[in-house]
Amino acid sequence: MNKFKIVSALAALSLLTGCGAFNNNSQSSETNTEAKTAVQPDASAAEETKDCCGDSAEAVLGKPEKTDINIGYLNSTAHLLAFVAQEEGYFKEEGLKVTLTQFSSAAELVNGLESDKLDVAFIGSVPTLTFQSQGHDVSIFGGAMTNGHGYVIKSQFADKDELGVEVLKGRNVASVKNSVQDAELQILLKNAHIEIGEGKDKVNIVYFDSQKDAYAALLNDTIDAASVYSPYASLAKSQGYKVVYYCAHEEALKNQPCCRQVAKTSALSSSPNTYTAIERAFIKAYHFTQSEHDKTIKDVKKYIDIDEEFIDTEVYGGYSVSSPDPDKQGTLTLKDTIIELGYTNDYDIEPYYNTDIYKNALDSILAENSDDIYKSLEEHFNDYE
């Protein structure tokens with residue numbers, strides 16, 4: 001890695017925010033819902049894109065109740081389904097005019113939904129579950145990314161990657177409360193019989209408000225390790241840090257749902273055709289990512305401005321999967337885990353988990369084009385719904 005790429009990585013770092021970050025002030029009605037960066041790329045290059053799957057959702061399932069759609073996302077490769085759907089013209093194929101807007105926290109995204117400024121938001125699974133338990137009327141209706149998290153440590157404390165949580169003993173570790181990264185660390189520490197706290201045989205977790213802040217804390221002498229999610233792990237390795245673990249490689253964390261597609265519960269009920277059309281676009285985007293490697297990377301870079309090799313590693317390196325599947329079973333397991341960890345109180349999630357939208361969208365596409373990629377989505381949904 002030459003100096004120019006390292007400088008580029010450091011510049012990109014200053015723009016990144018945490019996928020699973022939960023703003024501790026999220027319960028305040030005064031939380032700022034204004035986007036930090038609005039991104040509306042010119043989709044003219046995709047205007048001539050032929051519908052990959054035959055008819056649009058309108059022809060198959062009915063006219064969308066609403067066609068001007070606002071989607072909020074965080075600065076992460078995890079949300080690439082929206083980027084690809086926009087750049088490759090899949091939203092347009094479904095009769096939708098979509099604006100993508102970048103936000104800086106899960107709290108802002110939820111407030112955007114509740115104030116009707118957003119129709120869809122990509123939000124981390126742990127903060128989404130926490131918001132639901134607090135009474136926010138938002139529902140999960142699809143997926144965005146599975147796995148993609150881990151921790152990194154300064155090289156003086158580890159001579160190679162993936163030595164496991166044991167290397168964190170006696171260390172100060174920066175993390176984000178109410179994030180999937182923190183929940184996963186606590187799971188692994190518990191399984192390894194390592195206590196949380198100060199001492200040479202314990203792990204001292206120091207909490208920050210966002211993934212951006214937690215990662216930046218590595219510049220301080222008092223912080224030895226930090227949580228990461230896509231694409232922080234690749235950035236960290238380019239800057240000389242060692243990876244403590246990738247969650248995708250930990251048996252206890254396999255198939256861990258990270259980010260989910262979230263909308264107002266009432267909107268999913270009142271505008272099912274609209275959300276089916278949106279989901280069809282996401283499913284088509286997934287198909288594209290599985291067959292068009294290089295173009296996917298270029299589409300993502302228009303929204304996440306880091307080196308393409310980092311995007312390639314995070315998207316195709318085996319550390320995460322960006323799938324639209326709602327993965328209800330995995331999310332329910334995670335819900336039980338965070339309740340056990342004390343993140344939130346138990347609640348009935350059934351009214352806030354809508355898998356019908358995804359199933360209807362996928363079934364309509366399968367009726368048009370049942371190739372191996374779409375069939376794999378059907379098999380996964382049947383196994384994990």
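Residues numbered from 1 in each chain as written. Predicted model: local features only at pLDDT ≥ 70, side-chain atom pairs only at ≥ 80, totals over all residues. Heavy atoms only, no water.

Peer 1: Which residues make up the packing of aromatic side chains, and what values go with them?
Peer 2: A complete count under the given rule lists 11 aromatic pairs for this structure. Relative to F288, the ring of Y90 has its centre 6.4 Å away and its plane inclined at 65 degrees; by these criteria the two rings are edge-to-face. Of the two residues, Y90 is situated in helix α4 (residues 90-93) and F288 in helix α11 (residues 272-291); the sequence distance between them amounts to 198 residues. For Y90, a relative accessible area of 6% translates into the label buried. Looking at K177, its charged tip hangs above the ring of Y343, at a distance of 4.7 Å from the centre. (Phe/Tyr/Trp six-rings, centres within 6.5 Å; stacked < 30°, edge-to-face > 60°. Helix = DSSP H or I, 4+ residues; strand = E, 2+ residues; numbered from the N terminus. Buried < 20%, exposed > 50% of the residue type's maximum accessible area, 1.4 Å probe, protein only. Lys NZ or Arg CZ within 6 Å of the ring centre and 35° of its normal.)

Peer 1: Outline the pairing of strand β11 (residues 257-264), listing residues and values.
Peer 2: In terms of burial, β11 is a largely internal element, 7 of the 8 residues being buried. One ladder, built from 4 bridges, connects strand β4 (residues 120-124) with β11; its direction is antiparallel. Bridge pairing links I123 to R260 in β11. Inspection of the sheet shows strand β5 (residues 138-147) paired to β11 by 7 bridges, in the antiparallel sense. Within β11, the residue paired with T146 across the bridge is P257. (Pairing = 2+ DSSP bridges.)

Peer 1: Give a description of the environment of E162 that names residues and reports values.
Peer 2: For E162, the location among the structural elements is in the loop between β6 (149-153) and β7 (172-176). Among the residues examined, E162 registers a relative accessible area of 37% and is labelled partly exposed. Between the alpha carbons of E162 and V244 there is a distance of 4.7 Å; along the sequence they are 82 residues apart.

Peer 1: Can you lay out the packing of helix α12 (residues 293-301) against helix α13 (residues 308-316) for me, pointing to particular residues and giving the numbers?
Peer 2: Between α12 and α13, whose axes approach to 10 Å, the crossing angle comes to 115 degrees. The pairing of α12 with α13 is recorded here as roughly perpendicular in orientation. As for how α12 packs across α13, the hand of that crossing is right-handed. Facing α12, whose interface residues are H293, T296, I297, K298, V300 and K301, α13 presents E308, I311, D312 and Y316. Grouping the constituent residues of the contact of α12 with α13 by class yields 4 nonpolar, 2 polar and 4 charged. (Axes fitted to C-alpha atoms, helices over the stretch in contact; angles between N-to-C directions. Parallel < 35°, antiparallel > 145°, perpendicular 65-115°, else oblique. Left-handed = near helix turned anticlockwise from the far one by under 90°. Contact = heavy atoms within 4.5 Å. Nonpolar A, V, L, I, M, F, W, Y, C, P; charged D, E, K, R; others polar.)

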